[in-house]
Amino acid sequence: MKIKRKWLIAVAAAALLVGSASAQFGFGIVYDPTNYQNALLRYYQLEQQLAQLKNSYAQLVEQYNLAVQMAQNMQNMPARYRAQFSGWRNGAAEDTYGNTATWITGINSGQPGVASTGYQQSTTQLLPYTSNQLSFMNSDELARVRSQYATVELSDGANTTAIEAIGSIRGNAAGVQTQIGNLEQDSLSSDPSLNTEVSVLNKINAAGVLTLRTLQDSNKLLASLLEEQTILAKQQREATTNTINADIERRAGLVANMTQITGTLTDSLQNFRMP
């Protein structure tokens, strides 16, 4: 570029000399140095613009090649990444005496009424105390009976809730499995319409929603298990508390009996007379 510029300046100087000489010697050619300088300046500017266009073109070609490379799909995606997973299995049990079928229906469907009925049919019914029976209990016995009764009722409620939660998850498992299959199919597809930027973002969002739903179902099961553990802890506490209270009552009764025996023995010894 520098050599070419020097060459242009030399040509302009020579032309200036030739033009001046021609005009002086009467050849009729008049040279205007201002116009010639402007022409050279425009030519130089055109050269600069051409160089910029070449650089821009090279950058555009590089960006295009990168975009084409980034748009290439992996080959044989299903064969490389598709995996088989175990499907959901529904509960099943024998129904020899006709008291398990409703339980199985409830634990596979999650219907509240069916789950509650099935649980009641397959468990031993808790009988209530009569008012006459309660009237003969002292305050400690009455408190113990009420606490034990509450434990059984709370356990029944927690078990029924757990059955409904398990049944709801199982009942929706087929639909969730279908949606996961569709998402997997779209993710492994080589269809260009399913691999645009918006399509990929939509699939990512769908996967995020399915993950949240799965976590929600897991939290439901964990909450049911925690409720069961809480009731078991209550039951164990009652058993320990009843044992401690019984020991305290036994010791209190023993002290009273010993005091009575000691007092009677003292009186007997003091009043004893030899015949």
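A. Representation of the overall build of the protein chain. When its secondary structure is counted, the protein chain shows 8 helices and 0 strands. For the protein chain, the N- to C-terminal ordering of α and β elements is α-α-α-α-α-α-α-α. Each of the 275 residues in the protein chain was classed as buried or not, and the buried ones make up 13%. Taking as baseline every contact in the protein chain between residues at least 6 positions apart, the subset at least 24 positions apart corresponds to 63%. When the accessible surface of the protein chain is totalled, it reaches about 21400 Å², and 60% of it is carbon and sulfur.

B. Molecular detail of the packing of helix H5 (residues 112-122) against helix H7 (residues 139-188). Contact geometry of H5 with H7 gives a least axis separation of 9 Å together with a crossing angle of 130°. In this view, H5 runs oblique relative to H7, as classed from their interaxial angle. The interaxial crossing formed by H5 with H7 has right-handed handedness. Across the interface between the two elements, Pro112, Ala115, Ser116 and Tyr119 of H5 pack against Ser155, Asp156, Asn159, Thr160, Ile163 and Glu164 of H7. Looking at the contact of H5 with H7 residue by residue, the classes come out as 4 nonpolar, 4 polar and 2 charged.

C. Expanded view of a nonpolar patch on the surface. Together, Val200, Leu201 and Ile204 make up a nonpolar patch on the protein surface, roughly 250 Å² of accessible area in all. Position of leucine 201 among the secondary structure elements: in helix H8 (residues 197-270).

D. Focus on H5. All buried positions along H5 are accounted for by Ala115, Gly118 and Tyr119. With its buried residues spanning 100° around the axis, H5 presents them on a single face. Buried residues in H5 make contact with helix H4 (101-109) and H7.

E. Molecular detail of the side chain of glutamate 238. In this fold, glutamate 238 is placed in helix H8. A distance of 2.3 Å separates a polar atom in the side chain of glutamate 238 from a polar atom in the side chain of serine 147. Within the structure, the side chain of glutamate 238 is placed 2.7 Å from the side chain of threonine 151, a separation counted as a polar contact. The contact partners of glutamate 238, leaving out residues within four places of it in the chain, are Ser147, Gln148 and Thr151.

F. Main features of the pattern of salt bridges. For the structure on display, the rule yields 3 salt bridges. Among the salt bridges present, the one from lysine 234 reaches glutamate 238, with a minimum N-O distance of 2.3 Å. Placement of both lysine 234 and glutamate 238 in helix H8 is noted, with a separation of 4 residues, approximately one turn of the helix.

G. Geometry of the packing of H4 against H7. Two elements in contact, H4 and H7, have axes whose closest approach is 4 Å; the angle formed by their N-to-C orientations is 60°. With respect to H7, the element H4 is oriented oblique. Across from Trp103, Gly106, Ile107, Asn108 and Ser109 in H4, the residues of H7 making contact are Ile163, Ile166, Gly167, Ser168, Arg170 and Gly171. Of the residues in the contact of H4 with H7, the class split is 4 nonpolar, 6 polar and 1 charged.

H. Spatial organisation of the confidence of the model for the protein chain. Across the protein chain, pLDDT averages 80, with 81% of residues at or above 70. The lowest-confidence element of the protein chain is helix H1 (residues 2-24), averaging 49 in pLDDT; the highest-confidence one is H4, averaging 92. Note on residues 16-27: pLDDT is under 50 here. Beyond four places in sequence and across chains, it has 8 contacts.

I. Here's a closer look at H7. When the terminal C-alpha atoms of H7 are compared, their 70 Å separation across 50 residues agrees well with the 74 Å that a helix rising 1.5 Å per residue should span. Remark: the principal bend of H7, roughly 45°, maps to alanine 173. Put simply, asparagine 138 is the residue that caps the front of H7, since its side-chain oxygen is 3.2 Å from the backbone nitrogen of aspartate 140.

Scoring rules and cut-offs
- Here the residue numbering is sequential within each chain, running from 1 through the sequence in written order.
- Residue-level local features of this predicted model are given only where pLDDT is at least 70; pairs of side-chain atoms are given and counted only at 80 or more, and the full residue set underlies all totals for whole chains, interfaces and linings.
- Hydrogen atoms and water are omitted, and side-chain values are computed over all heavy atoms in the structure.
- The numbering of helices and of strands both runs from the N terminus, where a helix is a DSSP run of H or I of at least 4 residues and a strand a run of E of at least 2.
- Each residue is assigned to one of three classes by its accessible area relative to the maximum for its type, calculated with a 1.4 Å probe on protein chains only: buried under 20%, partly exposed between the two thresholds, exposed over 50%.
- Contacts: residue pairs with any heavy atoms within 4.5 Å of one another.
- Accessible surface area values rest on a Shrake-Rupley calculation with a 1.4 Å probe, where residue burial reflects the displayed protein chains alone.
- Structural elements are reduced to axes, namely lines fitted to C-alpha atoms, with helices fitted over the stretch in contact, and the angle between N-to-C directions of any two is expressed from 0 to 180 degrees.
- Here the word oblique covers every angle except those under 35 degrees (roughly parallel), over 145 (roughly antiparallel) and from 65 to 115 (roughly perpendicular).
- Crossing handedness is defined as follows: a turn of the near helix away from the far one that is anticlockwise and smaller than a right angle gives a left-handed crossing, while the clockwise case is right-handed.
- All residues other than Ala, Val, Leu, Ile, Met, Phe, Trp, Tyr, Cys, Pro, Asp, Glu, Lys and Arg, Gly among them, are scored as polar; the first ten of these are nonpolar and the last four charged.
- Only residues above 30% relative accessible area that lack a salt bridge enter a patch, with like-charged residues linked at up to 9 Å and the nonpolar side chains Val, Leu, Ile, Met, Phe, Trp and Tyr linked at up to 5 Å.
- By convention in these notes, a salt bridge is any Lys or Arg side-chain nitrogen within 4 Å of a carboxyl oxygen on Asp or Glu.
- As used here, the arc belongs to the directions running from the helix axis to the C-beta atoms.
- Counted as a polar contact is a pair of N or O atoms within 3.5 Å, where, for protein atoms, one must be capable of donating a hydrogen and the other of accepting one, and residues adjacent in sequence contribute only when both atoms are in side chains.
- The predictor attaches a confidence to each residue, and that confidence, scored 0 to 100, is pLDDT.
- Here, expected helix span is obtained from the residue count minus one, scaled by 1.5 Å.
- Here the bend at a residue is taken as the angle between two axes, fitted respectively to the seven residues that end there and the seven that start there.

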